[in-house]
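Take a look at the letters that make up each chain.
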Amino acid sequence: MSIKQALINELKHEAQNTRKLLECVPEEHFAYKPHEKSTTLQRLATHIAEIPVWTTRALTSEEFDAASLKPRLAANREELLHLHEETVKEAEAALSNASEEELMNMWTLRRGEHTIFSLPKAAVIRNISSNHLYHHRGQLTVYLRLLDVLVPGTYGPSADDAL
């Protein structure tokens, strides 16, 4: 299996797990923060929904200036799920159109003149798209648990799933 196909398969599989979690996000608790230093549930869920855009960015450019980031906030669960579906669809299309050679090309993340990192595009996809997504999904499950929302299983049943 090619690197490209492995990344596509992972994206599609994990999109299903992500959607299950996003479907549980209670709009009435969008302003919830478990700690004063934490982000809101609304911002965290929106961020999770938009993370696949990093795959598209990596495959459609040679660099990105993080100073241009403008945080989004989905207004409701419907918008949250739509954002997720769109970013996944765009990432899958970008991956489908990429060559194996392109996945090895370097990509740079900077903030203004400061270079944060330069990595092969495949590594950017694994680290900034995939691993970043898993980290924030884990945070989301904690938020949901603290709000007493049933947490769906992602890699098998959760404590809330009937066996």
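Residues numbered from 1 in each chain as written. Predicted model: local features only at pLDDT ≥ 70, side-chain atom pairs only at ≥ 80, totals over all residues. Heavy atoms only, no water.

A.B. asks: A description of the sheet that holds strand S1 (residues 63-65) should follow, citing residues and the corresponding values.
C.D. replies: With mixed pairing, 3 strands are arranged side by side in an open sheet as S1-S2-S3. Here the strands that pair on one side only, and so sit at the sheet edges, are S1 and strand S3 (114-120). Averaged over neighbouring strand pairs, the angle between their axes works out to 15° when direction is ignored. Across 6 bridges, the pairing between strand S2 (residues 106-111) and S3 is antiparallel. (Pairing = 2+ DSSP bridges. Helix = DSSP H or I, 4+ residues; strand = E, 2+ residues; numbered from the N terminus. Axes fitted to C-alpha atoms, helices over the stretch in contact; angles between N-to-C directions.)

A.B. asks: Describe the packing of aromatic side chains, naming the residues involved and giving the relevant values.
C.D. replies: All told, the structure shown has 4 aromatic pairs when counted by the stated rule. Aromatic pair Trp 54 and Trp 107: ring centres 6.3 Å apart, planes at 90°, arrangement edge-to-face. Of the two residues, Trp 54 sits in helix H3 (residues 53-60) while Trp 107 sits in strand S2, which places them 53 residues apart along the sequence. Judged by relative accessible area, which is 0%, Trp 107 ranks as buried. Three or more aromatic residues joined by ring pairs make a cluster, and in this case those are Trp 54, Phe 64, Trp 107 and Phe 117. Over the ring of Trp 54 we find Arg 57, and its NZ or CZ is 4.5 Å from the ring centre. (Phe/Tyr/Trp six-rings, centres within 6.5 Å; stacked < 30°, edge-to-face > 60°. Buried < 20%, exposed > 50% of the residue type's maximum accessible area, 1.4 Å probe, protein only. Lys NZ or Arg CZ within 6 Å of the ring centre and 35° of its normal.)

A.B. asks: Would you mind going over the pattern of salt bridges in detail, with residue names and values included?
C.D. replies: Applying the stated criterion across every chain, the model contains 11 salt bridges. With a closest N to O distance of 3.0 Å, Glu 23 and Arg 19 form a salt bridge. Look at Glu 23 and you get partly exposed, because its relative accessible area is 38%. A cluster of three or more residues bridged by salt bridges with shared partners is formed by Arg 19, Glu 23 and Glu 85. (Salt bridge = Lys/Arg side-chain N within 4 Å of Asp/Glu carboxyl O.)

A.B. asks: Describe the packing of helix H1 (residues 3-22) against helix H6 (residues 121-146), and please don't skip the residues or the numbers.
C.D. replies: At a minimum axis distance of 11 Å, the contact between H1 and H6 shows a crossing angle of 15°. By the angle between their directions, the pair H1 and H6 is classed as roughly parallel. Crossing geometry of H1 relative to H6 is assigned as left-handed. Across the interface between the two elements, Ile 3, Leu 7, Glu 10, Glu 14, Asn 17, Thr 18, Leu 21 and Leu 22 from H1 touch Ala 122, Ile 125, Arg 126, Ser 130, Leu 133, Tyr 134, Arg 137, Leu 140, Thr 141 and Leu 144 from H6. Considering only residue class, the contact of H1 with H6 consists of 10 nonpolar, 4 polar and 4 charged. (Parallel < 35°, antiparallel > 145°, perpendicular 65-115°, else oblique. Left-handed = near helix turned anticlockwise from the far one by under 90°. Contact = heavy atoms within 4.5 Å. Nonpolar A, V, L, I, M, F, W, Y, C, P; charged D, E, K, R; others polar.)

A.B. asks: Kindly report on the environment of Leu 59, identifying the contributing residues and their values.
C.D. replies: Within the secondary structure, Leu 59 is located in helix H3. With relative accessibility at 7%, the residue Leu 59 sits in the buried group. Taking C-alpha positions, Leu 59 is 7.7 Å from Leu 103, a pair spaced 44 residues apart along the chain. Look past the residues within four positions of Leu 59 in its chain and what remains in contact with it is Ala 94, Leu 95, Ala 98, Glu 102, Leu 103, Lys 121 and Ile 125.

A.B. asks: With reference to specific residues and values, describe the environment of Ser 129.
C.D. replies: With respect to the helices and strands, the residue Ser 129 is situated in helix H6. Residues Ser 129 and Ile 48 lie 81 residues apart in sequence; the distance between their C-alpha atoms is 9.8 Å. Discounting chain neighbours no more than four positions away, the residues touching Ser 129 are Ile 51, Pro 52, Trp 54, Thr 55 and Val 124. A distance of 2.7 Å separates a polar atom in the side chain of Ser 129 from a polar atom in the side chain of Thr 55. (Polar contact = N/O pair within 3.5 Å; in protein donor to acceptor, adjacent residues only side chain to side chain.)

A.B. asks: Outline the nonpolar core, listing residues and values.
C.D. replies: One broad rule of soluble globular proteins: the nonpolar side chains tend to lie buried together. Ranked by size, the top nonpolar core spans 21 residues in total, and within it Leu 22, Val 25, Leu 41, Ile 48, Leu 80, Leu 140 and Leu 144 carry the most contacts. When residues of this core are traced back to their parent elements, those giving at least two are H1, helix H2 (41-50), helix H4 (77-97) and H6. Take this core: its biggest share by element is 5 residues, from H2. Core analysis: the second largest hydrophobic core is formed by 13 residues, Leu 59, Ala 94, Ala 98 and Leu 103 among them. (Core = buried A, V, L, I, M, F, W, Y, C linked by side-chain atoms within 4.5 Å.)

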